[in-house]
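Tertiary structure, described
Each chain, letter by letter, is given below.
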Amino acid sequence: MNIIFNILIPTAVGFTTFFLIYYLYQKMFFEYRWLAVIPLVIVTGYMIVENRREWEMIKQG
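We now turn to the structure provided with this report. Being a predicted model, the structure only gives us computed values, none of them experimental.

Its 24 residues give helix H2 (residues 37-60) an end-to-end C-alpha distance of 35 Å, which sits within 8% of 34 Å, the value for a rise of 1.5 Å per residue. Inspection of H2 places Pro39, Val43, Met47, Asn51 and Glu54 among the buried residues, and these make up the whole buried set.

Shown next, in the form of structure tokens:
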């Protein structure tokens, strides 16, 4: 259950947020849609850091 609540759900929420932001970028700033890479990098980096932290806690526990 720890894996589901601490890794899978936050990852799903993070990438859902990214795709919503990307969709808004496409609709509002079509010629600047490459800027949507910025939220992807932020969300992906955050998820990697958080998931590593959770895996370390799960391995210790």
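Our focus in this paragraph is the environment of Val13. Within the secondary structure, Val13 sits in helix H1 (residues 2-28). Spatially, the C-alpha atoms of Val13 and Val43 are 9.8 Å apart, while their sequence positions differ by 30 residues.

Looking now at the side chain of Asn51. Here Asn51 lies in helix H2. Overall, the relative accessible area of 17% leaves Asn51 in the buried class. In contact with Asn51, other than residues within four places in its own chain, are Asn6, Ile7 and Thr11.

The subject of this paragraph is a nonpolar patch on the surface. A grouping of Tyr23, Leu24, Met28, Phe29, Tyr32 and Trp34 is seen on the molecular surface, where their side chains present a nonpolar patch of about 700 Å² in accessible area. Take Met28: it is sitting in helix H1. Of the residues examined, Met28 reaches a relative accessible area of 55% and is grouped as exposed.

Under the defined criterion, the tally for this structure stands at 1 salt bridge. Residue Arg53 is joined to Glu50 by a salt bridge in which the shortest nitrogen-to-oxygen separation is 2.6 Å. One end of the pair is Arg53 and the other is Glu50, both in helix H2 and 3 residues apart, which spans about a single turn.

Reading the values: the criteria
- Residues numbered from 1 in each chain as written.
- Predicted model: local features only at pLDDT ≥ 70, side-chain atom pairs only at ≥ 80, totals over all residues.
- Heavy atoms only, no water.
- Helix = DSSP H or I, 4+ residues; strand = E, 2+ residues; numbered from the N terminus.
- Expected span 1.5 Å × (residues − 1).
- Buried < 20%, exposed > 50% of the residue type's maximum accessible area, 1.4 Å probe, protein only.
- Contact = heavy atoms within 4.5 Å.
- Patch = residues over 30% accessible without salt bridge, like charges linked within 9 Å, V, L, I, M, F, W, Y side chains within 5 Å.
- Areas by Shrake-Rupley, 256 points an atom, 1.4 Å probe, with all protein chains shown as cover.
- Salt bridge = Lys/Arg side-chain N within 4 Å of Asp/Glu carboxyl O.

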